[in-house]
Amino acid sequence: MGIQNITNKTENDVDIYTLNSLRAEFLTVNTVILGVYLVIGVLGNSLVFYIYKCCITKHRTDRFFIPYLAVSDALSCIVGSGFGLALNLLPIRFSGDALCKGLWFLTKWSTLVSALMLLLIAIERYKKVCKPFGPQMTPLAKQLSIIALFVLSAILTFPTVFFHGEISFPARGTSHLTGYRCGRNTFLTGLEGYFTIYNVVLAAVAFTGITAVTILYVFVGKTIYKQTKFRSRFASSPRKSYISPKSDSGVVSDGNDDVFLENSVKENEENKARKDSADSFYSTDDELESTDADLPRKKSSNNPRKKSIISHVYTVPQVLRKFKISILFMCITLVFILTFTPRLVIMISEATNKGYWSGLTDNQIRASLFFYRFYIVNNIVNPFLYAAFDSRFKQEIKKRLSCFKK
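This is a predicted model, so every value here is computed, not measured. (Residues numbered from 1 in each chain as written. Predicted model: local features only at pLDDT ≥ 70, side-chain atom pairs only at ≥ 80, totals over all residues. Heavy atoms only, no water.)

Caption draft 1: Representation of the overall build of the protein within the structure. In terms of regular secondary structure, the protein is built from 14 helices and 6 strands. Burial analysis of the protein (406 residues in total) assigns 42% to the buried set. In the protein, 77% of the contacts between residues at least 6 apart in sequence involve partners at least 24 apart. Looking at the protein as shown, the accessible area adds up to about 21300 Å², and 64% of this sits on carbon and sulfur atoms. (Helix = DSSP H or I, 4+ residues; strand = E, 2+ residues; numbered from the N terminus. Buried < 20%, exposed > 50% of the residue type's maximum accessible area, 1.4 Å probe, protein only. Contact = heavy atoms within 4.5 Å. Areas by Shrake-Rupley, 256 points an atom, 1.4 Å probe, with all protein chains shown as cover.)

Below, the structure is given as structure tokens:
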């Protein structure tokens, strides 16, 4: 049956297949890169979802968004890389107007979902780290927020179906060879002006989101820096002796740097401010691995008359460890901004220059396509960031690998 179909092909079909193969060969490097994106992104984010959803059962409050982010990242890899592969392999044989519109919608929608998810996470981190005593996001509020961002992303990306579709064109400039590609068809529908307005709106949303996330994480980073600086100054200060107000013998503690006397008398307003800052720091539950049992404590004296109430104090590395998940999300957001910026620049260029792609050389087309899809790197690098920052995630991976070896 297959041989008969090949034999019965018209000369027009053979020419189209040949031209399509030549064009696809021209984009081989970009196609290989997209294939790597697809494999690593799907496998990595599937592993992340499984580990955080099924294996790590403790401290899910701080890790709440990670499984959802993994799903959106995997979806972005599947849709973004898959659609890019289809465009590269069928540059002049991509037929199907509804399919084309749907894929453009899903690509933009999945990208916007990931972006808004990072904004939602930034808000949650800000409230948790900078406003620990204020109202926090409950699990129900987080779930409703995720549903809302899915709907909002769909609303913002729906207009793209009016600006993209199947485009037929004469291949090689001849009338008897007709090619089909999937792309922006506003020059045929007369919607160029609306497309420009739409791209401007999307660019404004992107810049607003990036600015908001940056401001939120500046405050988060500032808080972490203050706590680290406070701990560093406390650790480097000379030892002092404190009299416990509850000690009926007047026993004096040695002021060891590894302990903190919660009920010690503050000598001045500066010490009071430091105590307030420390209390705010200790009250946060951003820590994922540390428990009271893990933290250094002063050994109690054998003398029962020593009734000083002693609690732990964090060292500088423990301060950074305490805010590790916040730092993780800051890095993920930074990678997203760096990888999405080239696409944003090209989108603006498309909106302002109708002949942007037609005016590029072959090498410039390859480079532009690479940077246009460079945002997918953000989706595939996140699993590696989880492994670098979350020791629990790394431990679970090692457990699974050891079981697999056995």
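This is not the end of the story, as more comes after the structure.
Caption draft 2: Spatial organisation of a nonpolar patch on the surface. Taken together, the side chains of Val32, Val36, Val39, Ile40, Leu43 and Phe384 present a nonpolar region at the surface, about 560 Å² in accessible area. Take the nonpolar patch: its biggest share by element is 5 residues, from helix H3 (residues 28–55). Relative to the helices and strands, Val36 resides in helix H3. What makes Val36 partly exposed here is its relative accessible area of 40%. (Patch = residues over 30% accessible without salt bridge, like charges linked within 9 Å, V, L, I, M, F, W, Y side chains within 5 Å. Salt bridge = Lys/Arg side-chain N within 4 Å of Asp/Glu carboxyl O.)

Caption draft 3: Highlighting helix H13 (residues 376–389). An ideal rise of 1.5 Å per residue puts 20 Å on 14 residues; H13 measures up with 21 Å between its terminal C-alpha atoms. The principal kink in H13, of about 35°, is found at Asn382, preceding the proline Pro383 by one to four residues. With respect to burial, H13 is a largely interior element, 10 of its 14 residues being buried. Within H13, the full set of buried residues consists of Ile376, Val377, Asn378, Asn379, Ile380, Asn382, Pro383, Leu385, Tyr386 and Phe389. (Expected span 1.5 Å × (residues − 1). Bend = angle between axes of the 7 residues up to and from the residue.)

Caption draft 4: Local environment of the environment of Ser76. Structurally, Ser76 can be placed in helix H4 (residues 65–89). In the structure, Ser76 is positioned 35 residues away from Gly41 in sequence and 8.7 Å away in space, judged by C-alpha atoms. Setting aside chain neighbours within four positions, we find Ser76 in contact with Ser81, Ser110, Thr111, Ser114 and Asn379.

Caption draft 5: Representation of the UniProt feature "transmembrane region" (unreviewed entry) in the protein within the structure. The residues that UniProt annotates with the feature "transmembrane region" (unreviewed entry) are residues 32–52, 64–90, 102–123, 144–163, 197–220, 327–349 and 369–389. Helix makes up 93% of residues 64–90 and strand 0%. Its end C-alpha atoms lie 40 Å apart. End-to-end, the C-alpha atoms of residues 327–349 are 33 Å apart, and along that stretch the chain is 100% helix and 0% strand. (UniProt positions renumbered as here; feature names shortened; annotations may be inferred.)

Caption draft 6: Broad picture of the nonpolar core. By size, the foremost hydrophobic cluster in this structure holds 54 residues, and its most contacted members are Phe65, Leu69, Phe329, Ile332 and Tyr386. Here the element with the most residues in this core is helix H5 (residues 97–130); it accounts for 12 residues. Counting residues in hydrophobic clusters, the runner-up holds 14 residues, among them Leu87, Trp104, Phe195 and Leu202. (Core = buried A, V, L, I, M, F, W, Y, C linked by side-chain atoms within 4.5 Å.)

Caption draft 7: Looking closely at the packing of H3 against H13. It is at 8 Å that the axes of H3 and H13 come closest, and there the two elements cross at 40°. Classed by the angle they form, the pair H3 and H13 counts as oblique. Crossing of H3 against H13: the hand is left-handed. Where H3 abuts H13, its residues Leu34, Tyr37, Ile40, Gly41, Gly44, Asn45, Val48 and Tyr52 lie against Ile376, Val377, Asn379, Ile380, Pro383, Phe384 and Tyr386. (Axes fitted to C-alpha atoms, helices over the stretch in contact; angles between N-to-C directions. Parallel < 35°, antiparallel > 145°, perpendicular 65-115°, else oblique. Left-handed = near helix turned anticlockwise from the far one by under 90°.)

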